[in-house]
Structures are given as structure tokens and as C-alpha cells.
Amino acid sequence: MTGYTMLRNGGVGNGGQTCMLRWSNRIRLTWLSCTLFIILVFFPLIAHYYLATLDEADEAGKRIFGPRAGNELCEVKHVLDLCRIRESVSEELLQLEAKRQELNSEIAKLNLKIEACKKSVEIAKQDLLQLKNVISQTEHSYKELMAQNQPRLSLPVRLLPDKDDAGLPPPRAARACRLHNCFDYSRCPLTSGFPVFVYDSDQLAFGSQLDPLVKQAFQAAARASVYVTEDADVACLYVVLVGELQEPPALRPADLERQLHALPHWRADGHNHVLINLSRRSDTQNLLYNVSTGRAMVAQSTFYAAQFRPGFDLVLSPLVHAMSEPNFMEIPPQVPVKRKYLFTFQGEKIESLRSSLQEARSFEEEMEGDPPADYDDRIIATLKAVQDSKLDQVLVEFTCKHPPKPSLPTEWALCGEREDRLELLKRSTFALIVAPGDPRLLASAGCAARLFEALEAGAVPVLLGEQVQLPYQDTLRWSEAALVVPKPRVTEVHFLLRSLADSDLLAMRRQGRFLWETYFSTADSIFNTVLAMIRTRIQIPAAPIREEVAAEIPHRSGKAAGTDPNLADNGDLDLGPVETEPPYASPKYLRNFTLTVTDLYRSWNSAPGPFHLFPHTPFDPVLPSEAKFLGSGTGFRPIGGGAGGSGKEFQAALGGNVPREQFTVVMLTYEREEVLMNSLERLNGLPYLNKVVVVWNSPKPPSEDLLWPDIGVPILVVRTEKNSLNNRFLPWNEIETEAVLSIDDDAHLRHDEIMFGFRVWREARDRIVGFPGRYHAWDVPHQSWLYNSNYSCELSMVLTGAAFFHKYYAYLYSYVMPQAIRDMVDEYINCEDIAMNFLVSHITRKPPIKVTSRWTFRCPGCPQALSHDDSHFHERHKCINFFVKVYGYMPLLYTQFRVDSVLFKTRLPHDKTKCFKFI
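Please read these numbers as outputs of a predicted model, since none were measured by experiment.

Caption draft 1: Representation of unusual backbone geometry in the model. The omega torsion across Gly 243 and Glu 244 is 25 degrees, close enough to zero to call that bond cis. Position of Glu 244 relative to the elements: it lies in the loop between β2 (237–243) and α6 (253–261). Cis geometry marks the peptide bond from Val 335 to Pro 336; its omega dihedral reads 5 degrees. Positioned with a positive phi, Gln 539 is a non-glycine residue whose angle comes to about 65 degrees. Structurally, Gln 539 can be placed in the loop between α13 (523–537) and β15 (551–552). Accessibility expressed as a relative area gives 35% for Gln 539, which makes it partly exposed. Phi is positive for Glu 671, which is not a glycine, with a value near 55 degrees. Note on Glu 671: relative accessible area 38%, which makes it partly exposed.

Printed below as a string of C-alpha cells:
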């Protein structure tokens, strides 16, 4: 209220307050001034007094600040000495600290030198160990060579024959021609390469009369052959197509003989010539019967006894598929074993039989007298009796419903059209083939056509008449694909057919399918078989099979490969030394000559057709036999397999008897550069690695700034013509080892796993040895095969995304396996691994081998692959069923066998410990 009053009175209150503030400020300034005066005056006085008091302290002469006498200077000097001592000690301490730091740096440098010396010592030890291994291997190889007296062979130099022949003495008779007296070996030295000159059919005098389809098919087959040369002066063999002639044949034997003798390279007697007469009709005439062929070989389907020269002439199969490949989808499957009819026969004999059925005598009566010239009447009676007995369902018809096909005299003519005959044979377990009644007719086109159709339809041929010459009979073991029964035993045929076990019947059917596909099915197979027969007779090795020339993509390398942390998890397993010497290729051409000579019987009766039908590989593996190609063959003859030992010996011997061997990694990739680089880096330091072949499957080249890792071995980037998964199995010429490790660019495997798989493969060189296992299963509701990737105690496939296989299978996959399978792989961009498993199991009749217990091998975090697509498994189901149709049966085999090493200390899931057997 007072303040309010003061404000109302014109600010009197304000004035009083201002005076109070001024008064308080003056008091503060006065107090501050007094304080400063006391500090500045009294403190110095007090300090002076105190110091003066110290000078007058007890013990006179001990003054510090006062004036000193002369005798007191020594004490001051003592203090100065102490100061100098302190300064010198400080300097020495600084010097010692500098020296200490210098010594520490020297100690660090020496420690680095010690570590470098330790590393150099370890490297020197490894080099010394490797040198010792190389020396021991060289000594071992030297001892082997000295024991075998077998020098190392390289590709032989080709020798060419002289242009002018010296001439051969003529044989005493035309039928006495054999290789030793009618074939000029001087034109075919071992190193000649077997050059073959094929006469141009259009340039021949009778070329216009040849069947156009036969001529076109023959010329196409000749162009595709690796042996055909255009230089006739250096040729070893001369091939002439003389038939089949157009219908009706207008060429007389005398005219044909004159035209043959006028050939430019006939050289008076036609030695080293082959006259080929391909038949397409069942009534093909014996075109060369009354023609003087001199020393020329004759290859045709029809022969009389007076004409055929054993070991010299060739019996051919008919050329049914002249310009087309057989349709595998129309070929019946090989299972079930038993079909509707036990056996079937349809045919009609044009001329009358020697006696009617009513007047026929018993076999006992006929055998007591002169042997009959023809048993056809008794065959008819016996087969009709079997049909009437109803013991088995058979079909025999001796009269055609429609006019029969033309045939040779005493030969059973074919009934109906080819499609109708094949439909009947598809329902027949056995197909009867009755030999011509005239024993002088050794081979006929009609019998050859029946044999061809029986093999094509999967009916086991039963030939009544042992005098008949079957195609390529002196080299093919027909007893494993057909039954040859003498006509007098016709009454025992029914018993014989019923006594065959299903396993034997299935083996004969598979072998017949193989013979048909390999030797009879196309014009190429017939032409190649003729050349292979002659080449093997004169003991000339096959030419090396064609390899895919690798077109390298230039790339920059030099990036230091990193260290994969998983590589340290190898335990105590000794993986072996990393090869510091140049890559060691597998030996080549060691058996290219001796195989043809020493294994002649095995190669034709125990080795599959492609081994001699097609040129051999540089590695010369011995394949399973023709008879066993689809049966239970033994597979490759191991070049380096054998006892492996156990423990340390197993590791040191690498699982085989080969002193040293390397393998090649083939990695397929498609525009995943980062994943590829990581996978390549993981191969750094991998022992026994020869090189890495990267199959670049993309049309776009790698990035120009991409820096490839340096892993100690060459990395070859191969350009492909198109994006195809079949490129994974092309036999690249840069693959110089027998062992091939096929691996995906996102596969993640440790070095110890790869090395163990390599050791196991060397013990089973004929099989696929790998890591991810799969199996096939039968779908009962849909009556089809399924592909299954679930974990199971059984497996029938090992995926080639991480598997070892022999390089020879790459040749078979690319050049021998039916083209329809490769087309299916290209269509789906899938199933190439299933196709390889089908092929190997089809050849060896053995399942693959799974190694280690790794359940997944994919790279974690890698981009998505094709296998993650939903349609992936549906396509693989279709592939399996299609492959079964092509092969005619399911070649995959189940196995519960898995190879593992106790050195891995493998940890198995608890639910998988009962599934596998270990070694």
C-alpha cells in the first residue's frame, strides 16, 4: 500500500530505493579496497620478517639467504654439483630410453626375420618332401619301364604308302582269297591312320542305276567318317558302292564286271577294294554272284556257299532306315520280360515242299536213311502241334493273308507290311527265323530282314538252321543275343524256350537291342562297322576320337586368392602335397597298338561297340563288353586301380597303384561372376589339381574389369556356342587327365572331401563318385517313374554338380548317347546329371558311389539357381520317363553303400546312423 501510494505521489518510492543501491555499492568498494591494501602491504612484510628470522636461526653459518662468508662457497658448489649430476643423469636416462626403443625395434625386426625363416624352412621342407616324392615316383616308373621293357609312346607319325604297288602273287583259286594272300598290308602300315578312299557313286558307270536312297545314305555316311580321305594315292582301302540297284535291275553281270575292272585304282586284281551291296528289299538278288571280283572284298546280305570266302567277305545287315533315324518312342520297352506270345512266325514258301504233311515220315525214319535236303515240312508239323497243344500261346502262320513279299528260291517269304510285322513282334517273346531250305544259300536278305525286325522290336531271335551266316558273325557273339538251333532239333525248341530264366531272357533282349543300335540301325552304323571290321582284322588301331577344341576367353589374373576358413577344418588328414611342378597329364597312347592285337577277342566280344566302332580316346580305357554293355559288365579295366591299403598307407598311395595322378575341375557357370570367383578361390592350394576349365555358358563375355584369382594352377575359360547344359560333358581337348571333377559354380566342398572323393574314384574308375545322392521311385497310381531328392537309405544317382567321372564318359555322352536325350536336356535346360547317371549305369550295370556324409553342398548366400524353380522337379520326372523309353528299360540301380573314412570323424544325424554301410 505504501509503494502504491509512493507511485501515485510521483515516484517518491523510486527515488528512495535508488539511494539505497548507491549506498550499498559504496560500502562494497570500500571493503574491497581495504582487503587489497592488506594483501599488498602486510603480506610482504610478514614474508620478509619470516625470512629474516630463518637467517638468524640456530646453528649459525647455516643461513641461506643472507650474505655468506668465503668458507661457505664450497657448500654452494656442492649444490651446483648435485644439479649437474641430476642433469647428467637425466641425459643418460634419455639416452638409455632411446637405446631401449632402438633395441625394441631391432628385436621386432629380428622376430619378423625369425618368422620368415620359419616359413622358408617349412617351404623348403615341403619342397624337399615333394622332390623326394618325385624322385621316388621317377624311380618307380623307371623300374616299371625296365621290368616291362616298354618305352613311353607318343602320337605315332603317319607313314604313307608308295604310289606304285609291288604286286601280289595271285591265289590258286578265287575262293582261296584270304587276308594273307589277297590283301596288300604294305598300303596299310600301323601308323597310316587307316585312310579310306570312297569312289563317288555319281562318277561310276553304273551310278545312275543305284537306288537313290541307298546312294544318298551311303554318301552321307562316308562324309561323316573320320577315315575317309580324298587322296586316293595314299589310301589303304578303296570302297565301292555297287548296289542296291533300282528295280528292276538292268545291269548284266558281264557289264558290271567290266566296269569294276575299269576303276581307276583297281590295279588289275582289285586288291584292297571293298564292294558294298546294301539291300533294302527282301528279294535282293545276289548281284556279284557271277562277277569276277578278284582280290576285292565283298560285303552284302546274300551269299551262296560257293561265293562266300570266310574271314574275307562280310555279311551285312539290310539298310532299313536309309535316310532316317529310328524313332525311339516307337520302340517297345524291354520289360515286362514275358509277352503275349511265346513265339511267332509268319511266312510262306513259294515253291512246293519236298513232301506234304500227310506223307511226312517221322524224324527217326528220316535219320535212318539219307539225311533230308529240307526239314521245312517237319518244322511246319511241329510248330502247328505246339500251337494246337495250347500249352503256351503261340502264333504260327505258313500262308500269308495277302500276297507275300518276293523272295529267293527255298526262302520263306515275308508276310504283310513292315508295320504289321513289327506290331506282332512287339507282342512276341521270341521270333522264329527259318533258314532257307537250300543249304547252299548261306545268307539271304529275307533272313537278315527278319533278324533286323526282331532285334528292333525286342523279340529274341530263334534261328532254325545252323548253316546260316549271321551279320558280322566272326566278330559278334550272337549266342548272347539269339538262339541258333539246328533244324533237326525243332521238336526241342519249345522245351528250350520255356527253360530260359527271365534274367537270361532279359540279358539277351538287352544285348540284341545293343547290337541293333550299334551295328544295324542306320547307314552310318553299317558303314562304320564295315570299316571297323576290316581295320580290326588287319590290326590297325582306331583313330583318336574327336575332341572339342576349347576356344579360350582372354581374362586377367593375378588376384591373390583368399583363405577359406572352412579349409582349416581338415583335421589331421594329410591331403598330400600341392604340385609345384608343371601340370601332370595322364599318360596317353600306351595301349593304342597292343589293345587291337592282344585284346581282339575282348574288344569285339567283351568290349562295347563304340570302342571299336567309333575311334578310341587318347586315354585308351577298356570298356565293358558288347555282351555286357547292357548286361552285368565289369566296366573299365582300371589303369591305376588296385589295392589301396589302410590308414597312412591309404593316404600315401592315394587309393591306387598309379604313382601319381591329377584331376581336372570342370565348372559350368552362367553370369554369376561373384559366385564363380569365390568358388575358384576355394580351390587355392588343392592338391593334385591339374587345371580348372570354366565352361562359360553365357553368350555375354565376362566383365572386362573382372580380376580372376591366382590359385596356383591354370584357369581356362572356355567359350561355348550356345547355352546348353550338355556343355558340361563336352570332351574338351584341354582336359588332359582321366579324372574329371564336375562341379557347380555354387558348390561348397572342403579340400579334404574333394581329396577323399578322388581317392575313392581311383578305386572305382568306371563309376560316378560324388557327394549329393538322389534316387528314382515308381509311382504306382500314375504308373510312371519319379525323381526323388529326399534323404533316404538308398540312392541310385549321384548328381554331377559335385562328382568325379572318367573323361571317356564325356565322349560317350557327346558322341554315342542317343541324340534324343541331349535334345531333351536342351529343351528343358535340365536333367543333364540324370542323363549321365543313366549312361554310366547303362554301360557298367553298377550304381554310383556316394562319399562322405555331407547332406548339402550349396554355397550359403549364393544367388538362386535353376534347381529352386517350382517346375524343376516336374521336368526331372518327365526326363526320367523319357530316358527310360529311349533306353527301353530302367538302367538305374539302387544301392545302400556309401564310402566314408574314419579319419573324417564324421558326425551323423541320429536318424541316419542306420542307413549306411561304411568302409
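Caption draft 2: View of the confidence of the model for the chain. For the chain, the mean per-residue pLDDT works out to 79, and 75% of the residues sit at or above 70. Confidence, expressed as mean pLDDT per element, reaches its minimum in the chain at helix α17 (residues 626–629) with 28 and its maximum at strand β11 (residues 428–434) with 97. Low pLDDT, under 50, characterises residues 352–373; the predicted model gives this stretch 27 contacts beyond four residues in sequence or across chains. Of the regions scoring below 50 in pLDDT, residues 912–919 engages in 18 contacts with residues more than four places distant in sequence or in other chains.

Caption draft 3: Structural context of empty space enclosed by the protein. For the structure on display, the rule yields 12 cavities of 30 Å³ or more. Considered as a void within the structure, the largest cavity measures approximately 160 Å³ in volume. Every element with two or more residues in the lining of the largest cavity is listed here: β7 (341–346), α9 (418–426), β11 and α10 (445–457).

Caption draft 4: Looking closely at a nonpolar patch on the surface. Together, Trp 31, Leu 32, Leu 36, Phe 37, Ile 38, Ile 39, Leu 40, Val 41, Phe 42, Phe 43, Leu 45 and Ile 46 make up an exposed nonpolar region whose accessible area comes to about 1300 Å². You can see Leu 36 is positioned in helix α2 (residues 12–55).

Caption draft 5: Layout of the sheet that holds strand β18 (residues 689–696). In space, the nine strands of this open sheet follow the order β15-β20-β18-β17-β21-β26-β22-β27-β28, with mixed pairing throughout. Either end of the sheet is taken by a strand with one partner, and the two such strands are β15 and β28 (898–899). Alignment of strand β17 (residues 663–669) against strand β21 (residues 739–744), held across six bridges, turns out to be parallel. Residue Leu 668 lies in a different strand from β21, and its bridge partner there is Asp 744. Set on the sheet, helix α20 (residues 751–763) makes contact with β17, β21, β22 (769–770), β26 (802–806), β27 (849–851) and β28; between it and β26 the angle comes to about 30 degrees.

Caption draft 6: Broad picture of the nonpolar core. Membership of the largest hydrophobic core comes to 140 residues, with the highest contact counts inside it found for Phe 194, Leu 260, Ile 276, Phe 520 and Phe 883. Here Ile 276 is in contact with Phe 218, Val 239, Val 240, Leu 241, Val 242, Gly 243, Ala 299, Leu 316 and Val 530, once residues within four sequence places are set aside. Ranked by size, the runner-up nonpolar core spans 39 residues in total, among them Tyr 688, Val 717, Ala 739 and Ala 747.

Caption draft 7: Quick peek at the state of the cysteines. The tally for this structure, following the rule as stated, stands at four disulfides. The disulfide partner of Cys 177 is Cys 182, and the gap between their sulfur atoms is 1.9 Å. Residues Cys 177 and Cys 182 are joined by a disulfide whose S-S torsion is about -80 degrees; by sign, that bridge is left-handed. For Cys 177, a relative accessible area of 1% translates into the label buried. Covalently, Cys 831 is tied to Cys 879 through a disulfide, its sulfur atoms 2.1 Å apart. What sets the handedness of the Cys 831 and Cys 879 disulfide is the S-S torsion sign, and at about 80 degrees it is right-handed. Placement of the pair is Cys 831 in the loop between α22 (819–828) and α23 (832–844) and Cys 879 in helix α24 (residues 871–887), with a sequence separation of 48 residues. Each member of the pair, Cys 831 as well as Cys 879, carries the same accessibility label: buried.

Rules used in this analysis
- Residues numbered from 1 in each chain as written.
- Predicted model: local features only at pLDDT ≥ 70, side-chain atom pairs only at ≥ 80, totals over all residues.
- Heavy atoms only, no water.
- Helix = DSSP H or I, 4+ residues; strand = E, 2+ residues; numbered from the N terminus.
- Buried < 20%, exposed > 50% of the residue type's maximum accessible area, 1.4 Å probe, protein only.
- pLDDT = per-residue confidence, 0-100.
- Contact = heavy atoms within 4.5 Å.
- 1 Å grid on protein atoms, 1.4 Å probe; cavity = no way out; pocket = protein on both sides within 12 Å on 5 of 7 lines; lining within 4 Å.
- Points joined across faces, edges and corners; volume = space filled by probe spheres on them.
- Patch = residues over 30% accessible without salt bridge, like charges linked within 9 Å, V, L, I, M, F, W, Y side chains within 5 Å.
- Areas by Shrake-Rupley, 256 points an atom, 1.4 Å probe, with all protein chains shown as cover.
- Salt bridge = Lys/Arg side-chain N within 4 Å of Asp/Glu carboxyl O.
- Pairing = 2+ DSSP bridges.
- Axes fitted to C-alpha atoms, helices over the stretch in contact; angles between N-to-C directions.
- Core = buried A, V, L, I, M, F, W, Y, C linked by side-chain atoms within 4.5 Å.
- Disulfide = S-S within 2.5 Å.

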